[in-house]
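Overview (structure and organization)
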Amino acid sequence: MPIDKDTVSKVSNLARIKIDNNQLEKISKELEAVMGWIDSLSEVETSGIEPVANVTGQKLPLREDKVTDGGYSDKILNNAPEKEGGFFVVPKVIE
Amino acid sequence: MSEIVSKTILQIKEGLKKRDYSALEVTDAFISASESNKKLNFYNTFTKEKAIEMAKTSQSRIDSGEDKILDGIPIAIKDLFCTEGTLTTASSKILGNFIPNYESTVTQNLWDAGAIMLGKVGCDEFAMGSSNETSFFGEVINPWSKVINKNLSPGGSSGGSAAVVSAGAALAATGTDTGGSIRQPAAFCGVTGIKPTYGRCSRWGIIAFASSLDQAGPITKTVNDSALMLNVMSGFDPKDSTSANKNTPDFLKACGNFNLKNLKVGIPKEYQISGMSSEIINLWETGHGWLKDRGADIIEVSLPHTKYALPTYYVIAPAEASSNLARYDGVKYGYRNSQNHLDDLYANTRADGFGNEVKRRILIGTYVLSAGYYDAYYRKAQRVRNLIIQDFNKVFKDVDVILTPTTPSAAFEVGSQQDPISMYMNDVFTVPASLAGLPAMSVPSGLSTNGLPLGLQIIGKQFDEENVLKVASNIEDQAKFPFLN
């Protein structure tokens, strides 16, 4: 499966990782090599085989819907790159 | 006191009990060993003062006869476990200044049992790597480097954990294993490491890489020590929805039984890969012989989808990683590259904050999950994962454990493996058990022709760590491995 520069651009935008134009060619070659290797999976006959995400078969437990934690926004904000008045600060989004 | 650092956890516990030395003396010995090995770059954060303080608390409990199971035992923590008030970086620039305000369940279990924290050891960035070289803070160096006078990789991702134990600079270390990240570095550094069954140890507070695969486990010198550490680290945790609601057996009791009569050991023929060196093949055969001598039946088995395990893993793990690592956006914590527009802030923060291998995996993960490719790659890999699980289920009808080499080679030189795919091949023997959520352990079993450690891997049935440990202690007993320290 060829991966061109446009595909890398699109994927890097989806992943919110900036890639400089002069890097697109190099990265497309790297991804193409890895995806080419992964393509061997297409030889495996998987019709009728269920996809698996949960390996132990344990059911997700449910707990009572009530607050069990919280009330320490100051501690959480301690790690914020920028904060003000109890909030995280980001560049202005709405003009 | 230098002889302290060559002891095991069980020996130190005995010595503390007999008042041969105090918890503080033990801790001092390991602090000195860490300080005299600075060039091996074990620690991202060395917490000497905290260790001394914890040692004093341990000693007061020992003095009052209220000591806990790991009182006086200095250990290192992989820098992927959140530790309250102590820098936790995942060896990444993007978390370079992150100080958690909570403690991971596994480390909390260890502190509750009296263990002493020496510090946070280096690993591959976000646990993505098999050589420690993807760490933003520089790779840890394998203590065995001195044998051949070249800088060797300790393996990865838990390379710092394996190296610090191997050098006699900690009695144990925590590791995490997503595709081999405990077992491969344990093999490269000549120490013991177990990845338990998925769900045995809580993942709460461990920085997530691939959530359906990540598991914590201990790295120690001996099998007994791993069993003891695993006893403490395991257990149901309501804070991790995938944590197994099962009692923890006494793993230590499973060790030291040298009669393997009626035990069936599978040797999977697909693990005989082309180009595998004769020293690995010989070690594997020696391993069969050791188990046979103790009464086990050795049976050739087949795991036909083995060769698809790595490509399957390199779809599933990056897919999960691309989702898990979306949280690093320069807003809530960690590094930020300030920009005038929010989208630019995200894209520049992540471009600067992540290293090349992490970016590569996020891009692969995003690609295989994107519209038009989801079924062809992600769903497909999840189906092949099912076939790999079915292979194991079939084989485990006939055998109790599976014996394989841990790695296809001994430790390699730092900088010698530049191609991503050849780096991924390091995990060829460890990834299948990860995909199936099985317990698997590496035991140091011999030396390569140039004198470097080699490991054998024992894979068990889900939640049957006991047979894994039983077989591992037999291999350990017969290998008489020449530990570095």
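Structure report, in brief. (Residues numbered from 1 in each chain as written. Chains lettered and ligands numbered in written order. Predicted model: local features only at pLDDT ≥ 70, side-chain atom pairs only at ≥ 80, totals over all residues. Heavy atoms only, no water.)

Across its full length, chain B carries 16 helices and eleven strands. Here the C-alpha atoms of chain B give a radius of gyration of 21 Å, agreeing with the 23 Å that 2.2 N^0.38 yields for 485 residues. In terms of overall dimensions, chain B has C-alpha extents of about 65 × 55 × 50 Å along its principal axes. Burial analysis of chain B (485 residues in total) assigns 67% to the buried set. Contacts in chain B between residues at least 24 apart in sequence constitute 76% of all its contacts with a sequence separation of at least 6. (Helix = DSSP H or I, 4+ residues; strand = E, 2+ residues; numbered from the N terminus. Rg over C-alpha atoms; globule rule 2.2 N^0.38 Å. Buried < 20%, exposed > 50% of the residue type's maximum accessible area, 1.4 Å probe, protein only. Contact = heavy atoms within 4.5 Å.)

All names here are of chain B. Using the criterion set out here, one finds 22 aromatic pairs over all chains in the structure. For the ring pair Tyr102 and Trp204, a centre distance of 5.3 Å and an interplane angle of 55 degrees mean the geometry is tilted. Pair noted here: Tyr102 is in the loop between β2 (74-78) and α4 (105-112) and Trp204 is in the loop between β5 (192-195) and β6 (215-220), with a separation of 102 residues, a long-range link. Take Tyr102: its relative accessible area is 31%, and that puts it in the partly exposed class. Taking relative accessible area as the criterion, Trp204 reaches 26% and is therefore assigned partly exposed. (Phe/Tyr/Trp six-rings, centres within 6.5 Å; stacked < 30°, edge-to-face > 60°.)

Looking now at the sheet that holds β2 of chain B. Residue and element names in this part refer to chain B. The strand order across the open sheet built from eleven strands is β1-β3-β2-β4-β6-β5-β10-β11-β9-β7-β8, with neighbouring strands paired in mixed fashion. With one partner strand each, in any of the chains shown, β1 (43-46) and β8 (297-301) form the two edges of the open sheet. Between one strand and the next, the sheet's axes are offset by a mean angle of 30 degrees, whatever the strand orientation. Bridging between strand β4 (residues 172-177) and β6 involves six bridges; their strand directions are antiparallel. For Thr174, the partnering residue across the bridge sits in β6 and is Pro218. Across the face of the sheet, helix α6 (residues 159-166) comes into contact with β1, β2, β3 (116-121), β4 and β6 while running at roughly 155 degrees to β4. (Pairing = 2+ DSSP bridges. Axes fitted to C-alpha atoms, helices over the stretch in contact; angles between N-to-C directions.)

What follows concerns the interface of chain B and chain A. Every contact between the two is made by 69 residues of chain B and, on the other side, 49 residues of chain A. At the junction of chain B with chain A, the criterion picks out four salt bridges. Note that Arg360 of chain B and Glu30 of chain A form a salt bridge whose closest N and O atoms lie 3.1 Å from each other. Linking chain B to chain A there are 20 residue pairs in polar contact (both at pLDDT 80 or more). Among the secondary structure elements, those contributing two or more residues to the side of chain B that touches chain A are α10 (309-324), α11 (342-353), α12 (356-369), α13 (374-395) and α14 (420-424) of chain B. (Salt bridge = Lys/Arg side-chain N within 4 Å of Asp/Glu carboxyl O. Polar contact = N/O pair within 3.5 Å; in protein donor to acceptor, adjacent residues only side chain to side chain.)

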